[in-house]
Amino acid sequence: MTSSSSTAGRWHEMARALSFTGSALIDGKLCPAASGRVFPSRSPVDGRHLTDIARCDSEDVDRAVAAGRRAFDGGVWAARPPAERKAVLRRLAELIRSAGDELALLETLDMGKPIADSTGIDVRAVANCFDWYGEAIDKIYDEVAPTASDSLALVRREPLGVIAAVVPWNFPMLMAAWKVAPALATGNSVVLKPAKQSSLSAIRLGQLALEAGVPPGVFNVVPGMGPEVGQALGLHMDVDGLFFTGSTPVGKIFMEYAARSNLKKLGLELGGKSPNIILASYRDTARAARVSAGSAFFNQGEMCTCPSRLIVERAVADEVMEVLIETARGFAPADPLDPGTAMGALVDEGHTARVLGYIATAEKEGAHLRHGGKQVMQDSGGHYVEPTILDGVRNDMRVAREEIFGPVLSVITVDSVDEAIAVANDTQYGLASAVWTDDLATAHRLSARIRAGMVYVNCYDCDDLTTPFGGFKQSGIGRDKSLHALEKYTELKTTWISLA
Ligand code: NDP
């Protein structure tokens, strides 16, 4: 046994010993759905049935929202001094770190990502997120407006009240943390709906929050289906804000829900089709290609910021392709529980079929398959697709226009910087983007011309909680992360005091 496989053996052993909780968490208690219904949680790693999850519906949503409202109105959390909320959130961060292996296993078993990513990226980032917003919250001051001296105008931030967070399955806990941490820090009550493919870590996070001292009713977790639980939250008359991460079509549905109900405040973090431009003026073409492929195949390509459109100047296109293929070889799918694995399983069978369908369509439309393209490891019972590279892609092909959310990299060759920018901006999305160049003026000019929330120059997916995250155009409304996120979870209130 190699040392990597013996460590894989340890993770497999821990996975066999792991117990799963599939209940809802409402008003501080684990409970079944009111209807008694459940749905199965199957692992994309090997198809194994992990547990049954409570299939909640509008009755459970009503109970969770009412619990959140009672807690909010009672002031058990919202009225606590910020320094006390900070202490609780920092304790939660510590509990997340202590339960790191368990939480990492839940993520990997539930949605298929490599265990090294779950431990090294997801769990760490989630703990850091609760720490950061906890730390921030007693350092933010409100304002006194510069009015005339016969009056005093106080501008204060107040929590919205009861907020709902609806999240996807690609970074289950992290996408939840980006919403739950700033929402709790600012004093809101939260109802979290995880994606149906990845409820386990959300439920565990809710339990840890209780253990850390978040009062019952302040953080509720209601698993279930989007058109049942998600819709009930979206249409609820007593939910003050709904913060969603997911696809653009479902984001639009949430706007309709808000319009049809109480005009609740919305935050939408949606899809992307991110352009990544490698110019001949960048001296280390190999590095650009290596990082680009690594970022495209990271997390099986199930990334809203996946640099899925690689736009390359013709002069360096051959060299780029060579390195892309070489890098893709290092992402051959393998056992997600092996710490040496770089690419794990896709989230489920339906998604796998969708990704393979895009590859077939691209070939029909005239793209050339340069690497991968096949489903592999079927014997495992899981869902694995090779890292796939297509070239000869035109920006009007479906693979260049629609979000695939899988390990498929499309290479588009261009003849000038202007053409690169035109192709980059020719998309309904505007989430992330990148430019590789050693020419400083070009770097500045292009980053100003690209219509996207994030522009990486000579890197991809640089990440820090201190920077806002979100998109232009149909990639969404509002920003997660950084102090800017706090704007979403608070209302400004002006109080005038006459001094006359
Ligand atoms: P979906 O939009 O399909 O689902 C996201 C969430 O919405 C899930 O909890 C889902 O429930 C729920 N939902 C689905 N349909 C409805 C409905 N009709 N009414 C109410 N709720 C509904 O996205 P995926 O889970 O497939 O995630 C992938 C998408 O997320 C990609 O488009 C990706 O780009 C985006 N994303 C964006 C990020 C960003 O920050 N911009 C970050 C990460 C992902 P159910 O689980 O039952 O389907």
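The rules behind the values
Residues numbered from 1 in each chain as written. Predicted model: local features only at pLDDT ≥ 70, side-chain atom pairs only at ≥ 80, totals over all residues. Heavy atoms only, no water. Helix = DSSP H or I, 4+ residues; strand = E, 2+ residues; numbered from the N terminus. Rg over C-alpha atoms; globule rule 2.2 N^0.38 Å. Buried < 20%, exposed > 50% of the residue type's maximum accessible area, 1.4 Å probe, protein only. Contact = heavy atoms within 4.5 Å. Areas by Shrake-Rupley, 256 points an atom, 1.4 Å probe, with all protein chains shown as cover. Near = heavy atom within 4 Å. Polar contact = N/O pair within 3.5 Å; in protein donor to acceptor, adjacent residues only side chain to side chain. Nonpolar A, V, L, I, M, F, W, Y, C, P; charged D, E, K, R; others polar. Phe/Tyr/Trp six-rings, centres within 6.5 Å; stacked < 30°, edge-to-face > 60°. Lys NZ or Arg CZ within 6 Å of the ring centre and 35° of its normal. Pairing = 2+ DSSP bridges. Axes fitted to C-alpha atoms, helices over the stretch in contact; angles between N-to-C directions. Disulfide = S-S within 2.5 Å. Parallel < 35°, antiparallel > 145°, perpendicular 65-115°, else oblique. Expected span 1.5 Å × (residues − 1). Arc of directions from axis to C-beta. Core = buried A, V, L, I, M, F, W, Y, C linked by side-chain atoms within 4.5 Å.

Draft legend 1. Region of interest: the overall build of the chain. For the chain, the count of helices and strands is 15 helices and 22 strands. Rg of the C-alpha trace for the chain: 23 Å, near the compact-globule value of 23 Å for 500 residues, within the 12% margin. Counting only C-alpha atoms and orienting by the principal axes, one finds that the chain spans roughly 75 × 60 × 45 Å. Residues classed as buried in the chain amount to 57% of the 500 residues present. In the chain, of all internal contacts separated by at least 6 residues, the share reaching a separation of at least 24 is 74%. Here the chain has roughly 19200 Å² of accessible surface; of this, 53% comes from carbon and sulfur atoms.

Draft legend 2. Spotlight on the site of the ligand. What surrounds the ligand is a group of 31 residues, the closest being K196, G226, S247, L270 and E403. The contact in question runs from an oxygen atom of the ligand to an N or O atom on the backbone of K196, over 2.6 Å. Here G246 contributes a backbone N or O atom positioned 3.5 Å from an oxygen atom of the ligand. Relative to its unbound accessible surface of 900 Å², the ligand loses 90% to contact with the protein. Contributions of two or more residues to the shell around the ligand are made by α8 (226–235), β10 (241–245) and α9 (248–260). In terms of residue class, the shell around the ligand is built from 17 nonpolar, 10 polar and four charged.

Draft legend 3. View of the packing of aromatic side chains. Inspection of the entire model under this criterion finds 10 aromatic pairs. Residues F243 and Y489 carry aromatic rings whose centres are separated by 4.5 Å and whose planes lie at 55° to one another, so their mutual orientation is tilted. Remark: Y489 occurs in the loop between β21 (476–477) and β22 (490–498) and F243 occurs in strand β10; sequence separation between them is 246 residues. Residue classification places F243 among the buried residues on the basis of a relative accessible area of 0%. Among the aromatic residues, those joined into a cluster by ring pairs are F244, F254 and Y257. Above the plane of the ring of W11 lies R10, whose end atom (NZ or CZ) is 5.1 Å from the centre.

Draft legend 4. Examining the sheet that holds strand β6 (residues 151–159) more closely. If you walk across this open sheet you meet the three strands as β5-β6-β22, and the pairing is antiparallel. The open sheet is flanked by β5 (143–144) and β22, the only strands paired with a single partner. Inspection of the sheet shows β6 paired to β22 by nine bridges, in the antiparallel sense. Among the inter-strand pairings, P159 is bridged to a residue of β22, identified as T490.

Draft legend 5. Representation of the sheet that holds strand β17 (residues 388–391) within the structure. With mixed pairing, seven strands are arranged side by side in an open sheet as β14-β17-β18-β13-β12-β19-β20. The open sheet terminates on both sides in strands that have one partner only, identified here as β14 (368–371) and β20 (454–457). Between one strand and the next, the sheet's axes are offset by a mean angle of 25°, whatever the strand orientation. Strand direction decides the pairing type here: strand β19 (residues 432–436) and β20, joined by four bridges, are parallel. Paired with A432 across the bridge in β20 is M454.

Draft legend 6. Here's a closer look at the state of the cysteines. Counted according to the given criterion, the structure contains zero disulfides. Here C56 stays free of any disulfide, with the sulfur of C31 as its closest cysteine sulfur at 6.8 Å. On the basis of relative accessibility, which here comes to 0%, the residue C56 falls in the buried class.

Draft legend 7. Looking closely at unusual backbone geometry. Look at N458: it is not a glycine, yet its phi comes out positive at around 60°. Examined against the element boundaries, N458 turns out to sit in the loop between β20 and β21.

Draft legend 8. Layout of the packing of helix α3 (residues 82–98) against helix α5 (residues 115–137). For the pair α3 and α5, the least separation of the axes is 8 Å and the interaxial angle reads 170°. With respect to their mutual orientation, α3 and α5 come out roughly antiparallel. Contact residues: P82, R85, K86, L89, R90, L92, A93, I96 and R97 in α3; V123, V126, A127, N128, F130, D131, G134, E135 and I137 in α5.

Draft legend 9. Summary view of α9. Relative to the 18 Å expected for 13 residues at 1.5 Å per residue, α9 spans 19 Å between its end C-alpha atoms, a close match to the ideal helical length. When α9 is considered as a whole, its buried residues turn out to be T248, G251, F254, Y257 and A258. Down the axis of α9, the sector holding all buried residues measures 160°, keeping them to one side. Opposite its buried face, α9 presents the exposed residues P249, A259 and R260, each directed more than 90 degrees away. Looking at the buried positions of α9, the neighbouring elements they touch are β7 (162–166), α8, β10 and β11 (265–269).

Draft legend 10. Molecular detail of the environment of K179. Here K179 shows up in helix α6 (residues 172–185). The class of K179 is buried, set by a relative accessible area of 0%. Between the alpha carbons of K179 and S433 there is a distance of 23 Å; along the sequence they are 254 residues apart. Sequence-distant contacts of K179, defined by excluding residues within four places in its chain, comprise A165, V167, F243, F244, T245, E269, D480, K488 and Y489. Within the local environment of K179, its side chain forms a polar contact with the side chain of D480, the two groups lying 3.0 Å apart.

Draft legend 11. Region of the structure containing the nonpolar core. Judged by nonpolar contacts, the single largest core of 101 residues is most densely connected at I96, F130, F219, F297 and L324. Counting residues per element, this core draws most heavily on α6, at 11 residues. Among residues more than four places away in sequence, those in contact with F297 are A328, F331, M343, P387, T388, I389, P407, V408 and L409. Formed by 27 residues, the second largest nonpolar core is a distinct cluster that contains V393, M397, V399 and A424.

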